[in-house]
Amino acid sequence: MGTLYIVPTPIGNLEDITLRALQVLREVSLIAAEDTRRAAILLSHFDLHTPVTSYFEHNKLSKLDRILEALEQGDVALISEAGTPGLSDPGYELIRAAIERGQRVVPLPGATAAITALVASGLPTDSFVFVGFLSRKAGERRRALEEVKAERRTLIFYEAPHRVGETLEDMLAVFGNRSICAARELSKVHEEIWRGSITAAIERFGAEALGEFVLVVAGAPEEARWAEARVQAVLREELEHGASSSEAAKRVAALAGWNKRDVYALLSKD
Ligand code: SAM
């Protein structure tokens, strides 16, 4: 029975591959790669000759059995187009299936844009929420932002360059003018770690955003959050006026700067 290795690859600078990643990529029987062309560039740069098969968003289910079969015969390395597989990249289904079959899964530490951006952002790193990509649909994007509006922890978003402007506008509308770090083209020639307010970010990137972006946004400010007693009181009022538990929790959460789950939890405390 083989091992499934989860192998991060560079997010720009090829020198960011680890020695262990190179060893694993050299020694496995098969590499399952999101992008076989990118994989070929990487493998040729490091003079590796391991067979590669594709595993990407649109064949990830049909390829699952074949990769699991290969895992019965030998070790397989999973790589994505860039960074850590499974993180806003294909990998989850394969990793789950391997775990369910009792296969050994070995993750290698390595490059990922989210953590690289976070640590340079100057925003609190002690606790954070990785939001990832927002929906392309305006309504869903706003709703997703509303859901994390009251979140006190630092927020990390991935965004495609052509949507950075719209996303910043939505963030301004939902969050207000918070601190933000736009980490652009990390580890590449045009790397830029830009820090400022959301309004200033719109001025800087609203019309034209080039390259790959991570947006790291400050969590909700302290004063936006009500004390528990106040939340309890308003919640009780809502329920007395006939709102369902779910409606009441949602409404109070939005007013109080709490997340809905935590308000809901108060209901069972009574
Ligand atoms: N699995 C990858 C990881 O571990 O970071 C993320 C893959 S996701 C499909 C691609 C997104 O990651 C980009 O749209 C961007 O938000 C972010 N990203 C990837 N490389 C980046 C870089 N060099 N600089 C800034 N952001 C990057």
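Presented here is a report on the structure given in the accompanying data block. (Residues numbered from 1 in each chain as written. Predicted model: local features only at pLDDT ≥ 70, side-chain atom pairs only at ≥ 80, totals over all residues. Heavy atoms only, no water.)

By way of backbone hydrogen bonds, the strands of a sheet pair with one another, either parallel or antiparallel. Overall, mixed pairing links the five strands, which are arranged β6-β7-β10-β8-β9 in an open sheet. For this open sheet the edge positions go to β6 (128–133) and β9 (192–197), each flanked by a neighbour on one side alone. Across the sheet, the axes of successive neighbouring strands diverge by a mean angle of 20°, strand direction being ignored. As judged from the five bridges shared by strand β7 (residues 154–159) and strand β10 (residues 213–217), these two strands associate in the antiparallel manner. By the bridge assignment for β10, F157 is matched with L215. Against the sheet, helix α7 (residues 164–175) contacts β7, β8 (179–184) and β10, and its axis sits at roughly 10° relative to β10. In the packing of helix α8 (residues 198–205) onto the sheet, contacts are made with β8, β9 and β10, and the angle to β9 comes to roughly 130°. (Pairing = 2+ DSSP bridges. Helix = DSSP H or I, 4+ residues; strand = E, 2+ residues; numbered from the N terminus. Axes fitted to C-alpha atoms, helices over the stretch in contact; angles between N-to-C directions. Contact = heavy atoms within 4.5 Å.)

This paragraph deals with the environment of E247. If you trace the backbone, E247 turns up in helix α10 (residues 245–256). Taking the C-alpha atoms as reference points, E247 and V24, 223 residues apart in sequence, are found 51 Å from one another.

Residues A113, A114, A117, L118 and S121 constitute the buried set of helix α5 (residues 113–121). The buried residues of α5 all sit within an arc of 125° when viewed along its axis, so they share a single face. Its buried side turned inward, α5 meets β6, β7, β8, β9 and β10. (Buried < 20%, exposed > 50% of the residue type's maximum accessible area, 1.4 Å probe, protein only. Arc of directions from axis to C-beta.)

In the region of the ligand, 19 residues are neighbours, and L87, D89, T112, Y158 and F213 sit closest. Side-chain polar atom of Y158 to an oxygen atom of the ligand: 2.6 Å apart, as the coordinates give it. L186 is positioned with one of its backbone polar atoms (N or O) 2.8 Å from a nitrogen atom of the ligand. Isolated, the ligand exposes 580 Å² of accessible area, and the fraction of that covered by the protein chains is 91%. Among the elements of the structure, β7 and β10 are those that each provide at least two residues to the shell around the ligand. Classifying every residue of the shell around the ligand by side-chain character gives ten nonpolar, four polar and five charged. Counting only domains with at least three residues in the shell around the ligand, you end up with domain 1 (3–107) and domain 2 (113–222). (Near = heavy atom within 4 Å. Polar contact = N/O pair within 3.5 Å; in protein donor to acceptor, adjacent residues only side chain to side chain. Areas by Shrake-Rupley, 256 points an atom, 1.4 Å probe, with all protein chains shown as cover. Nonpolar A, V, L, I, M, F, W, Y, C, P; charged D, E, K, R; others polar. Domains from an automatic or database assignment.)

Turning our eyes to something else, we now look at the side chain of E151. Inspection of the secondary structure puts E151 in the loop between α6 (138–148) and β7. In this structure the side chain of E151 is engaged in a polar contact, spanning 2.7 Å, whose partner is the side chain of R153.

Quick look at the nonpolar core now. Core analysis: the biggest nonpolar cluster contains 22 residues, and F157, L168, M171, F175, I180, F205 and L215 have the highest contact counts within it. Mapped onto this core, the elements with two or more residues apiece are α6, β7, α7, β8, α8 and β10. Looking at this core element by element, the count peaks at five residues for α7. Excluding anything up to four places from it in sequence, F205 contacts V164, L168, A182, R184, E192, W194 and F213. (Core = buried A, V, L, I, M, F, W, Y, C linked by side-chain atoms within 4.5 Å.)

This brings us to the environment of P90. Relative to the helices and strands, P90 is located in the loop between β4 (76–79) and α4 (92–100). Residue P90 is classed as buried on the basis of its relative accessible area, which comes to 6%. Taking C-alpha positions, P90 is 6.9 Å from S80, a pair spaced ten residues apart along the chain. Those residues in contact with P90 that lie beyond four places of it in its chain are E34, Y55, F56, E57 and P85.

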